[in-house]
Amino acid sequence: MDVKALWARKNFLAYILFLTIFMNGFESGGYQACLLEIGREFDLSATSMGMLASVQLFAILLAPLFFGALADWAGKRKVMTAFLIIRAAACVLLLTAAATQRFVLGIFIVGLSISILQAVAIAGLEDAYPISGRKKLGVITSMYALGAVISPLLCGTLLESGFSWRLLFVMVGS
């Protein structure tokens, strides 16, 4: 096996964790970019749209309080897998939301998954790469910002091209 292939194989987990954090930022930035369209579809006031945004942020705040020790108890891999599945299911809920209440539930669940996936991915990176983990930590934290910057640009372009805000949750859920 050549050096590049060995390096790529050794760092495969890091790539998966980087992608997970990138998608967290992608969802958060895209959600903010799509909020006006979501508000139009559900006929929401500006105040209600602000409340919608705060629902996700509230879930992000609450998740570590309720699920913080879960990864240590059940294992990081199981928790990451479970919350990726939960996020995908919540995205399906958002895709099929015809009423505001269903949307609120879906975005709350997505917020929970963002928070847990973020914490577990960072902890998993440090565990899996004890020597190079500190270097990779800078990269993984920048992945959230990268996703949060790229997503509004992409979502804005897609919305201007006539696509629905629901496409964001197709991308995030897949």
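Since the structure is predicted, the reported quantities are computational estimates derived from the model, not experimental observations. (Residues numbered from 1 in each chain as written. Predicted model: local features only at pLDDT ≥ 70, side-chain atom pairs only at ≥ 80, totals over all residues. Heavy atoms only, no water.)

Comments concerning the overall build of the protein chain
Across its full length, the protein chain carries 8 helices and 0 strands. Over its C-alpha atoms the protein chain spans a radius of gyration of 17 Å, differing by no more than 12% from the 16 Å that the globule rule assigns to 174 residues. Here the C-alpha coordinates of the protein chain stretch approximately 55 × 35 × 25 Å along the principal axes. The buried share among the 174 residues of the protein chain stands at 41%. In the protein chain, the proportion of contacts linking residues at least 24 apart, taken out of those at least 6 apart, comes to 76%. Counting every atom, the protein chain has about 9,600 Å² of accessible surface; 70% of that belongs to carbon and sulfur. Computed over 13 positive and 9 negative side-chain charges, the inter-centroid distance for the protein chain is 12 Å. (Helix = DSSP H or I, 4+ residues; strand = E, 2+ residues; numbered from the N terminus. Rg over C-alpha atoms; globule rule 2.2 N^0.38 Å. Buried < 20%, exposed > 50% of the residue type's maximum accessible area, 1.4 Å probe, protein only. Contact = heavy atoms within 4.5 Å. Areas by Shrake-Rupley, 256 points an atom, 1.4 Å probe, with all protein chains shown as cover. Lys, Arg positive; Asp, Glu negative; His and termini not counted. Charge placed at Lys NZ, Arg CZ, Asp CG, Glu CD.)

Some points on the pattern of salt bridges
Evaluated as defined, the whole model comprises 4 salt bridges. In this structure, Asp72 engages Lys76 in a salt bridge whose closest nitrogen and oxygen atoms are separated by 3.9 Å. Judged by relative accessible area, which is 63%, Asp72 ranks as exposed. Here Asp127 makes a salt bridge to Lys76, at a shortest N to O gap of 2.8 Å. Of this pair, Asp127 sits in helix H6 (residues 100-128) while Lys76 sits in helix H5 (residues 76-95), placing them 51 residues apart in sequence. (Salt bridge = Lys/Arg side-chain N within 4 Å of Asp/Glu carboxyl O.)

Structural notes on the nonpolar core
In terms of nonpolar packing, the biggest core is built from 46 residues, with Tyr31, Ile38, Phe103, Trp165, Leu168 and Phe169 touching the most fellow members. The set of elements that each furnish at least two residues to this core consists of helix H2 (12-41), helix H3 (46-67), H5, H6, helix H7 (133-160) and helix H8 (166-173). Among the elements that make up this core, the one with the highest residue count is H2 (11 residues). Contacts of Leu168, omitting those with residues within four sequence positions, involve Phe26, Glu27, Gly30, Tyr31, Cys34, Ser151 and Cys155. (Core = buried A, V, L, I, M, F, W, Y, C linked by side-chain atoms within 4.5 Å.)

Considering the side chain of Gln56
One can find Gln56 in helix H3. The residues contacting Gln56, other than those within four sequence positions of it, are Glu27, Tyr31, Ile107, Val110, Gly111 and Ile114.

Here we look at the packing of H2 against H7
For the pair H2 and H7, interaxial distance at closest approach is 6 Å and the crossing angle is 35 degrees. H2 and H7 meet at a crossing whose hand is right-handed. Residue composition of the contact of H2 with H7, by class: 19 nonpolar, 7 polar and 2 charged. (Axes fitted to C-alpha atoms, helices over the stretch in contact; angles between N-to-C directions. Left-handed = near helix turned anticlockwise from the far one by under 90°. Nonpolar A, V, L, I, M, F, W, Y, C, P; charged D, E, K, R; others polar.)

Quick look at H3
For H3, built from 22 residues, the straight-helix expectation of 32 Å at 1.5 Å per residue is met to within 8% by its first-to-last C-alpha distance of 32 Å. Within H3, the axis deviates most sharply at Leu61, by approximately 30 degrees, and proline Pro64 lies no more than four positions further along. In this fold, the buried residues of H3 make contact with H2 and H6. (Expected span 1.5 Å × (residues − 1). Bend = angle between axes of the 7 residues up to and from the residue.)

Side note on the environment of Leu93
Tracing the chain through its elements places Leu93 in helix H5. When its relative accessible area of 18% is taken as the criterion, Leu93 is described as buried. Taking the C-alpha atoms as reference points, Leu93 and Lys4, separated by 89 residues in sequence, lie 41 Å from one another. If we skip the residues at most four places from it in the chain, Leu93 touches Arg102, Leu105 and Gly106.

Considering H5
Helix length check: H5 (20 residues) gives 28 Å between terminal C-alpha atoms against 28 Å at 1.5 Å per residue, within 8%. Taken together, the buried positions of H5 are Val79, Met80, Phe83, Arg87, Ala90, Cys91, Leu93 and Leu94. Take H5 and look down its axis: the buried residues cluster within an arc of 150 degrees, on one side only. Opposite the buried face of H5, by more than 90 degrees, sit the exposed residues Arg77, Lys78 and Ile85. In this structure, the buried residues of H5 make contact with H2, H3, helix H4 (70-74), H6 and H8. (Arc of directions from axis to C-beta.)

So yeah, pure geometry; function would need other evidence.
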